[in-house]
Amino acid sequence: MSTFVSHIVADLSQKALPAHASASNDAQLQTQNAPSQVKETLRGIFVKLDQSHSPESLLECVDALQTLEHHEELLSAQAVDDEEQTLRRAVLGRLALGLYAQALTTFLDEASEAEMDLEWWSDLGRSRRYAAYYLLQTLPLRITNVSKIVLSTLRSHNIPLHLSAIKPSSLRRLFPSNGALHPNPLILALFPHLHHQPYNIALTTARVARVCSTVATLPVELTREECKFKRKELERIRDERAEVLGVLTGLRDRLTSALEEGTNEGALAELAQFTAFLQGIVDGEDVASTEGEEVTVGRVVESLSVLANCTLPSHTSLHSAELKSGQLRRPSRLTLLWPRLVFLPPLALYAIRTAYASRASLEELAKEAVETLKSFWEGWILEPLRGIVKTVRAGHDDGVIVTKESVRADLDSLERMTIALAQEKLHYDQPELAALSRQVQTGDLTAVMQIYEEDIKSPLKSALAGTLLRSLFIQVQKAKVDINQALSGIDKLLKSQELTFAFVGVAPALAIVYGIAGYLRTLWSGGRGRGRYGGKVKRSSVWLTIRRIERLLVAQPDSHHHHRAHVPASGSISATAVSPLTSGLLLLSVTHLRKYAETSLPPNSRLREGFLDDVADLEDPALGRADKLRVVERMWRSWGEPLGWTRVAA
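Now for a look at the structure at hand. (Residues numbered from 1 in each chain as written. Predicted model: local features only at pLDDT ≥ 70, side-chain atom pairs only at ≥ 80, totals over all residues. Heavy atoms only, no water.)

### Some words on the pattern of salt bridges
- Applying the stated criterion across every chain yields a total of 28 salt bridges.
- In this structure, the salt-bridge partner of Glu 240 is Arg 236, at a minimum N-O distance of 3.3 Å. Of the two residues, Glu 240 and Arg 236 are both situated in helix H11 (residues 218-250); the distance of four residues between them amounts to about one turn of the helix.
- For Glu 240, a relative accessible area of 12% gives the class buried.
- Here Asp 410 ties to Lys 480 by a salt bridge, and the two come within 3.6 Å at their closest N and O atoms. (Salt bridge = Lys/Arg side-chain N within 4 Å of Asp/Glu carboxyl O. Helix = DSSP H or I, 4+ residues; strand = E, 2+ residues; numbered from the N terminus. Buried < 20%, exposed > 50% of the residue type's maximum accessible area, 1.4 Å probe, protein only.)

### What about the packing of helix H5 (residues 82-125) against helix H14 (residues 297-325)?
- Contact pair H5 / H14: the axes reach a minimum separation of 11 Å and the direction vectors enclose 10°. Compared by their axis directions, H5 and H14 come out roughly parallel. Between H5 and H14, the residues in contact are Arg 88, Leu 92, Leu 95, Ala 96, Leu 99, Gln 102, Ala 103, Thr 106, Phe 107, Glu 110 and Glu 113 and Val 297, Val 300, Val 301, Leu 304, Leu 307, Ala 308, Leu 312, His 315, Thr 316, His 319 and Leu 323, respectively.
- Among the residues making up the contact of H5 with H14, the classes are represented as 14 nonpolar, five polar and three charged. (Axes fitted to C-alpha atoms, helices over the stretch in contact; angles between N-to-C directions. Parallel < 35°, antiparallel > 145°, perpendicular 65-115°, else oblique. Contact = heavy atoms within 4.5 Å. Nonpolar A, V, L, I, M, F, W, Y, C, P; charged D, E, K, R; others polar.)

### Details of helix H6 (residues 128-137)
- Here H6 has its buried residues at Ala 131, Tyr 134, Leu 135 and Gln 137. Burial along H6 is one-sided: seen end-on, the buried residues are contained in an arc of 155°.
- Buried residues in H6 make contact with H5, helix H7 (139-156), H11 and helix H15 (333-357).
- The residue sitting at the N-terminus of H6 and contributing the capping side-chain oxygen is Ser 127; that oxygen lies 3.3 Å from the backbone nitrogen of Arg 129. (Arc of directions from axis to C-beta. Polar contact = N/O pair within 3.5 Å; in protein donor to acceptor, adjacent residues only side chain to side chain.)

### Things to note about the nonpolar core
- Membership of the largest hydrophobic core comes to 58 residues, with the highest contact counts inside it found for Leu 65, Leu 95, Tyr 100, Leu 248, Leu 255 and Leu 278.
- Beyond its immediate stretch of four places on either side in the chain, Leu 65 contacts Leu 42, Ile 45, Val 91, Leu 92, Leu 95 and Val 301.
- Of all hydrophobic cores here, the second largest spans 22 residues; its members include Tyr 533, Ile 549, Phe 611 and Leu 643. (Core = buried A, V, L, I, M, F, W, Y, C linked by side-chain atoms within 4.5 Å.)

### Notes on the packing of helix H17 (residues 404-426) against helix H21 (residues 468-496)
- Packing of H17 against H21 leaves a shortest axis separation of 9 Å and a crossing angle of 155°. Taken together, the axes of H17 and H21 are roughly antiparallel relative to one another. Crossing of H17 over H21 shows left-handed handedness. The segment H17 lies against H21, with Ser 406, Val 407, Asp 410, Leu 411, Ser 413, Leu 414, Met 417, Thr 418, Ala 420, Leu 421 and Glu 424 engaging Arg 470, Ser 471, Phe 473, Ile 474, Gln 477, Lys 478, Lys 480, Val 481, Asn 484, Gln 485 and Ser 488.
- Counted by class, the contact of H17 with H21 contains nine nonpolar, eight polar and five charged residues. (Left-handed = near helix turned anticlockwise from the far one by under 90°.)

This is the structure in structure tokens:
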């Protein structure tokens, strides 16, 4: 039993006992000294129904109750007391509830299976490459069908089997074509869907001639048409089952009223009416009302027995036969895998032999790759990171362009040259020399410039016998000191940004490592449907499901199956109510959401509990279309960002 069906019938199981059967009365039933055999049998059936909800248990309990009623009729038993009537009513209520849950499960499983298969066929027919590969996968089956047709035709014409009989000319005479709109039996054996769509071959031929100007792609086009045909057939089956599922969901109120009926006679009549409606819904037939007719326990038991032993099993068999006759299910795994099983071993053997023949070059290539990775790891990642750590821990004061000692030596040399010139030319005493030393340290060479100004008044004399050259050399030394001080400032600037330059140097290598690691993590965790909240594939599927639910509620699809259009629980559908077909399709999508939440969201988390609460609101048949649209809006608003629907949709 699915989670949705369990959720639907969870509260109804508590109503299987009538309201007037209080706890004290039940305790009195179990403490009687000499209970009758009938009551013991009824209690055993009730306990078995309470412990197991499998179809096998339901069949056994229905058969046991039917045998008991038949035995009571043969013995012409006297009128039963209230206790026995209460037990019978409880057993009948549990049986009706179990069969109702079984019917819900049956139609839900059939509709879900049809929907999964039609999505598979839809994906297959959407791509020419996939269709061509599917044609290759099913080619042995198609050839087998053609062989059977040829052999049976040869036997029917009493033609012996030899090579001349299967030549193209012989086959054309044996299977004449009646025109492009009526393909011959061989084409029908290759593409069975042409039995139902005889005109598609002509239309496909015209399209291929117009687009491709060749008939080489005709088999692929016919295969795509086959996928589309099967998808449409599965859509029809899904809609039929979904509509019945919606009608069954609306039948829940009738079962609730039957279980809550105050009197045993009224409850028996309600159960008989419910069983008749359930039988008609499963059979796809309108059922006349049983009101006013005499209702007995034996009649209700007989209806339940027919429903459990005939109606539901025959419906399941007919559904399987319909899928099998139309070849609507996916092919077997062996059919889908045989090309790989046939072609992969030779290709793998060829690849191994080629690799072994080129083992020397491959070994050298592998060594170079390992060496390259090792050099990249050590030279571009580890060494820069060690430099960063060393910079952070030590922070040495060594200059990058010039050193402090070099600047200091040049400045001291300038000071000595200036003081020596001042002693010889200006005859400074010690206080004046100390003041001049301080001026030189600050870059003030006024005394030297005064001597230079006097010397250039007579440059030749000063150059030969004076101090012009000495003052010029002092100015050259001053320029060198200024340059070194400027370089020292640049050096300090570079030193302050040393950590930044270190990170800039290692950033490209780290970006490469981060990108490769992220790609590998995506392949491992998210590329195959796993990862956070089920991975991108599952989250995309849930996004599509939510969109489908909103589309169903906004534009309700029309039902084309008039024999299932009756709603037995109530009258006409109001403008705010949800039609049976929409309700059934909605339940299919909601079942997918519940399965996703139970398997992919974190257990015992607020995210999962809140998501399941919204799913339960969508499953509630009491909510109308407008209310469910508000629930969908709340889900978009609440779960769109946490589940990444805005990103997976892009």
